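Working through the structure, step by step
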Amino acid sequence: RVFGFHHWAPRTYALLFSLLTTVVIFVLLRSALGAEGLATALTLLYIVLPLNFNYQDAWKHENVAALFVWLCFLCLYHMDKARPYRLAFLAAFFLLFQTGWVAYPVAAGMLLYIFHRSRARDDFSFAWQALAAALIGMAVNFAILHALGATVENMQGQALGRMTGRMESVSLWDLAMKQA
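All of the points below concern the structure found in this document. Everything numeric in this text was worked out from a predicted model, so none of it was measured.

1. Overview of the packing of aromatic side chains
A complete count under the given rule lists 7 aromatic pairs for this structure. On the basis of an interplanar angle of 35° and a centroid distance of 6.2 Å, the ring pair of phenylalanine 115 and phenylalanine 124 is categorised as tilted. On the basis of relative accessibility, which here comes to 21%, the residue phenylalanine 115 falls in the partly exposed class. Taking relative accessible area as the criterion, phenylalanine 124 reaches 28% and is therefore assigned partly exposed.

Now the structure itself:
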């Protein structure tokens with residue numbers, strides 16, 4: 001409703017989140033690599049991938065999930081530099097759980113990394129905070145789904161339908177032909 005009812009309105013949100021994701025990816029790559037030229041080249045490679053900008057025809061929760069996943073990675077990379085990065089990670093990590101189940105495996109990997117790193121330092125305070133953010137995020141997500149009328153049986157059916165659906169690989173040649 002913000003942009004009205006035009007054919008381009010659904011694409012605007014997806015494009016906005018894709019642009020923000022691209023900025024976060026560039027900042028992360030520049031920080032990690034220390035080379036702005038290489039970071040720019042790799043970010044441009046991300047831009048030309050088909051799922052980033054080319055197929056933004058509707059609102060997709062993956063756009064929001066990608067933004068928060070990369071934002072979490074950026075904050076994790078810098079978390080030893082300053083406390084605000086840890087706080088930003090916790091906020092982004094909580095919001096990651098509001099984007100959809102697609103991000104849950106990535107979040108589990110991040111939690112394992114944080115606990116492994118905490119064990120090496122013998123300081124688990126941040127790890128427990130991250131776990132709390134994850135559990136609260138999942139609880140809020142399921143509470144919202146319940147308030148919207150989703151039942152456990154419905155969610156199980158949706159998950160099974162998506163996991164057992166017809167999945168096929170796409171060769172690099174087919175992908176290139178679709179882009180041409």
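2. Side note on the pattern of salt bridges
Scanning the model with the defined rule gives 3 salt bridges in all. Across the pair arginine 86 and aspartate 80 runs a salt bridge, and its minimum N-O distance is 3.9 Å. Of the charged contacts in the structure, one is a salt bridge between arginine 117 and aspartate 80, with a shortest N-O distance of 1.8 Å. Within this pair, whereas arginine 117 is found in helix 6 (residues 104-121), its partner aspartate 80 is found in the loop between helix 4 (61-77) and helix 5 (83-96), the two being separated by 37 residues in sequence. Classification of aspartate 80 as partly exposed rests on a relative accessible area of 40%. Within this structure, Asp80, Arg86, Arg117 and Arg121 form a network of salt bridges that share partners.

3. Examining unusual backbone geometry
Despite not being glycine, aspartate 122 has its phi angle at roughly 60°, a positive value. Within the fold, aspartate 122 resides in the loop between helix 6 and helix 7 (125-147). Take aspartate 122: its relative accessible area is 65%, and that puts it in the exposed class.

4. Description of the nonpolar core
In terms of nonpolar packing, the biggest core is built from 30 residues, with Cys72, Phe89, Phe93, Leu96, Met110 and Ile114 touching the most fellow members. Elements with a contribution of two residues or more to this core: helix 1 (9-33), helix 4, helix 5, helix 6 and helix 7. Considering each element in turn, this core owes the most residues, 9 residues, to helix 4. Leaving out residues up to four positions away in the same chain, phenylalanine 89 has contacts with Cys72, Cys75, Leu76, Met110, Ile114, Phe126 and Ala130.

5. Concerning the side chain of serine 118
By the element assignment, serine 118 lies in helix 6. Contact partners of serine 118, with chain neighbours within four places excluded, come to Asp123, Phe124 and Ala127.

6. A word on the packing of helix 4 against helix 6
Interhelical geometry of helix 4 versus helix 6 gives an angle of 10° and a closest axis separation of 11 Å. Considered as vectors, helix 4 and helix 6 are oriented roughly parallel to each other. Contacts between helix 4 and helix 6 involve Val69, Cys72, Phe73 and Leu76 on the former and, on the latter, Val106, Met110, Tyr113 and Ile114. Considered class by class, the residues forming the contact of helix 4 with helix 6 number 8 nonpolar, no polar and no charged.

Cut-off values and rules
Residues numbered from 1 in each chain as written. Predicted model: local features only at pLDDT ≥ 70, side-chain atom pairs only at ≥ 80, totals over all residues. Heavy atoms only, no water. Phe/Tyr/Trp six-rings, centres within 6.5 Å; stacked < 30°, edge-to-face > 60°. Buried < 20%, exposed > 50% of the residue type's maximum accessible area, 1.4 Å probe, protein only. Salt bridge = Lys/Arg side-chain N within 4 Å of Asp/Glu carboxyl O. Helix = DSSP H or I, 4+ residues; strand = E, 2+ residues; numbered from the N terminus. Core = buried A, V, L, I, M, F, W, Y, C linked by side-chain atoms within 4.5 Å. Contact = heavy atoms within 4.5 Å. Axes fitted to C-alpha atoms, helices over the stretch in contact; angles between N-to-C directions. Parallel < 35°, antiparallel > 145°, perpendicular 65-115°, else oblique. Nonpolar A, V, L, I, M, F, W, Y, C, P; charged D, E, K, R; others polar.

Read these as geometric descriptors, not functional statements.
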